[in-house]
Structure formats: structure tokens, C-alpha cells
Amino acid sequence: MHILVVTQDFPPDVGGTQTYAAEVARGLARHGHRISVVCPDRPDAPPHDNEFAAAGVHTIRVASNQDTFPIKAVPAVRRLMAEATVDVAFAVAWPSALALLMAGVRRHHIPIALAAHGRELLLEPVRVPGGQAVYNALRRRIVRSADLLLPVSRYTASLLVPFGVLAMQIQIVNNGTDPSVFFPVDTAECAALRAKLGLPDGPLILTVSRLVGRKGVNTVLEAFPGVLCTHPRASYVVAGDGPDRDALVALASRLGISERVHFLGRIPYAELRTLYSAADVFVLPAREARPDVEGFGIVFLEANACATPVIGADTGGIPDAIEHGHTGLLIPPDDAAALGKALSGLLADPERAAAMGAAGRKRVVDAFNWQCAADHIEARLSHL
Ligand code: GDP
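This report concerns the structure included in the present document. Just so you know, these numbers come straight off a predicted model, no measurement behind them. (Residues numbered from 1 in each chain as written. Predicted model: local features only at pLDDT ≥ 70, side-chain atom pairs only at ≥ 80, totals over all residues. Heavy atoms only, no water.)

**Quick look at the packing of aromatic side chains**
The description of an aromatic ring pair rests on the distance of the ring centres and on the angle between the ring planes. Let me state the cut-off plainly: Note on aromatic contacts: the rings of Phe and Tyr and the six-membered ring of Trp form a pair at centre separations within 6.5 Å, being stacked when their planes are under 30 degrees apart, edge-to-face when over 60 apart, and tilted otherwise. The way it works is that DSSP assigns letters per residue, a run of H or I at least four long becomes a helix, a run of E at least two long becomes a strand, and they are numbered from the N terminus. The classification of residues rests on relative accessible area computed with a 1.4 Å probe and restricted to protein chains. Under 20% of the type maximum is buried, over 50% is exposed, and intermediate values are partly exposed. Working rule: Lys NZ or Arg CZ, within 6 Å of ring centre, within 35 degrees of ring normal, means a charge sits over the ring.
Evaluation of the coordinates by the stated rule reveals eight aromatic pairs. On the basis of an interplanar angle of 85° and a centroid distance of 5.9 Å, the ring pair of F182 and Y269 is categorised as edge-to-face. Within this pair, whereas F182 is found in the loop between α8 (154–160) and α9 (187–197), its partner Y269 is found in helix α12 (residues 269–278), the two being separated by 87 residues in sequence. The class of F182 is buried, set by a relative accessible area of 2%. Each residue in the set F182, Y269, Y276, F282 and F300 is aromatic and connected to the rest through ring pairs, giving one cluster. We note R363 situated over the ring of F368; from NZ or CZ to the ring centre the distance is 3.8 Å.

**Digging into the packing of helix α10 (residues 217–230) against helix α11 (residues 245–254)**
The criterion, for reference: As a rule, the C-alpha atoms of each element are fitted with a line to give its axis, helices using only the stretch in contact, and angles between N-to-C directions run from 0 to 180 degrees. Any angle that is under 35 degrees is reported as roughly parallel, and any over 145 degrees as roughly antiparallel; angles of 65 to 115 degrees are reported as roughly perpendicular and all others as oblique. Here, residues are in contact when the closest pair of their heavy atoms is within 4.5 Å. Only Asp, Glu, Lys and Arg are considered charged in this grouping, and only Ala, Val, Leu, Ile, Met, Phe, Trp, Tyr, Cys and Pro are considered nonpolar; every other residue, Gly among them, is considered polar.
Taken N-terminus to C-terminus, the directions of α10 and α11 make an angle of 10°; their axes are 10 Å apart at the nearest point. With respect to α11, the axis of α10 lies roughly parallel. Contacts from V217, N218, L221 and E222 of α10 reach α11 at L248, L251 and A252. Considering only residue class, the contact of α10 with α11 consists of five nonpolar, one polar and one charged.

These values are about where atoms sit, not about what they do.
Right under this line is the structure:
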């Protein structure tokens, strides 16, 4: 098959949808299909594009930002359809499907598959009077036009119900991660990274996240003084950057815990697995602040793949990412007391923590990996 992937989210940009688009494209290419990806241009794209090309993924970059992409991508999609037969079109989120419809894929009888992540189905970005209703009607029309919908979690599938799509059009395909990229790294390498980053000895609690409000890093900071009472040598490390960073640094200072909290900023991809491996527990108590929701939470799988137990909030798609009591723990959102108890409990019981980490790694290797996700998607695409 020649599969045309259209996505406004793609590396070098960072985030869950970007990772999904890249990994599914690579996984489909491994099936021997021809993969063309129309995506936004970025100054630092060329090295990424060379890697994609080596994996059989051909990128077509379009000068655009996130908002203008669906319009700017139309000529590129038209050109591709004129040059070669496209068997199926795959939009990684609904705005990208707009580019497909405007380019006339329907006239060419090309079926459309559409992935759904969560937040994009709830967003209400239009501020002009009456504008949001028009936006909602357009979104509804585009979502309903897809032949196949691929939500990343049970939660995201539930968000599709109000759109009036048929259950038989919906196939949940959970996100994954790559267990050959994320794996347990030996203690010497972990110690070297700790030294390089200036992290002290003692138990390590880790968050990897874009620093935006819904991720709940403030709840971890509020829980941390309680954890220090039982584990005085513990540190909390936050990797990632975003608009909330200054407010979180200020909160740590107000709580009097700045010395034990380390904001690393965005860290290189190559260091992530060592950081996850060095951590005793990974935590991300994301809250459901509609329209801002956690559709799945790939970082839980990344931490699990490095044999680290995880704690998340029982919101959005997180219950698909964490098997409660087996690969980690689910706690109520915005509940610093419950989170503090869960963190202290896991730090106090290394055997239980290690068993959860091992179970998490096994679950990723067996099922929650990108190749499994791509295999499921491939099976459905070939029947469209
Ligand atoms: P989302 O961004 O809200 O979709 O959250 P997810 O947890 O689903 O995905 C986040 C992705 O961004 C994961 O693959 C993370 O590893 C990655 N990520 C977040 N922060 C950083 C960082 O500082 N460095 C790197 N290399 N990756 C990051």
C-alpha cells in the first residue's frame, strides 16, 4: 500500500502526538508499505528527515505553523495524489484530516483513517462571537467523515461518542513505546548521569513532562514535604520545560523544598532512559482540566520500560497506561495527601517497587509497544 500520513505534529517537535506520528509511520514502513508523511517544516528538521528516510519514511515538509498547517498542506497532498496512487490516507489528528478533505481525497475514493488523542476533541479555541459553534460543526463533520477512528485509549474513545460515529468505525489502539530505546540502564551509568546533573544520593522521584498546568507537578511539590518526613534523603527531579516552569520553581521555594527539587529543563532524548532507570519511582498526577486532558500518557510506558514503577492520577486515559497495583498506582487527582502516601509507601517497599517495575517492562515488551500499535493499525488499514 501507499499510505499518506498527514500530521501537524511531528519531530523535531516534542510531545505525545509527535511521538505517535513518528513511531506509527516507522512501524507501518516496517510492513513494507510506502509511507509519505506531510508535516510542518522546522529549521532543525533535516537530520530527523535523514533518519526517517533510512527507515523508509518519506517526509514532505510544509512551511507552516500548527494553526496554518491544515491549509498550507493542501497543495502538497494534491501533488502527491497527482504523482502516485495513494491507497489510504491517515490523519494523525482531525485538523490534518481537513487538509485531506480540501485536497479532494474523497473524489479519488481514498479511505480516511483518523487517530484521536483527547484534547483536540474538546478544545474551544475560538474567541469571536458565534465562531466556536462554526468550529464545533466543522470538527464534527470532519470526525464523522473518517472511515476508521483510532482513539488511543478507552477514555478518548468515550470522547468520540457525542460525535455520533458508529461503534464499528472505532478501534482503540493504545499508545506504546519502544523497549529497545527505553530499557533498564546499569547502575554505573545511572550514577554517572546523577553526578553530571548534580543530583545527590538517596531516593529519586522523577517527572518527565512538558510543564503545563494539567500535568499536576504542583501536586507532587505539595506532597513532597510529607515524603521528606519519612525519607529525608529523597530528591524530586523534573525533566522538561514549558510555560509553568517559573511558577513551579516559585512554589518549591514557598514550600521550602528548593534544595531537594531539581528542575532540569528539556533533556536530550539519549539521556531519558538513564534518568528513568535512575529513578526509584516515576510520577505524573495529571488532572482532568477540560479541555486539557491526558489522553493516555506515554511517559508512564517509557518509565515502565526502564523497569521503574509509576504513579499517575486516575484521570483521562491514564488508567490504560497504568495497570493499578501491577505496573504502578493510580491515585485521585489533586490529592497531595494520597500522593504523598503512595510515594512514601513505594519508597519504603523496594521489593514491591521492583516487582511493579519488572511487570511494567514486561507489559511494554509484550503488548504496549509501537510495533504492536502499528501492527493493529496496519491490519485495519488494509481492510479499508
Ligand atoms: P503529551 O506531551 O501531553 O502528549 O504527553 P506524553 O506523556 O503522552 O508524551 C510526552 C513525550 O514527550 C514523551 O515521549 C516524553 O519522553 C517527551 N518529553 C517530554 N519532556 C521531554 C524532555 O525534556 N526531553 C525529551 N527528550 N523528551 C521529552
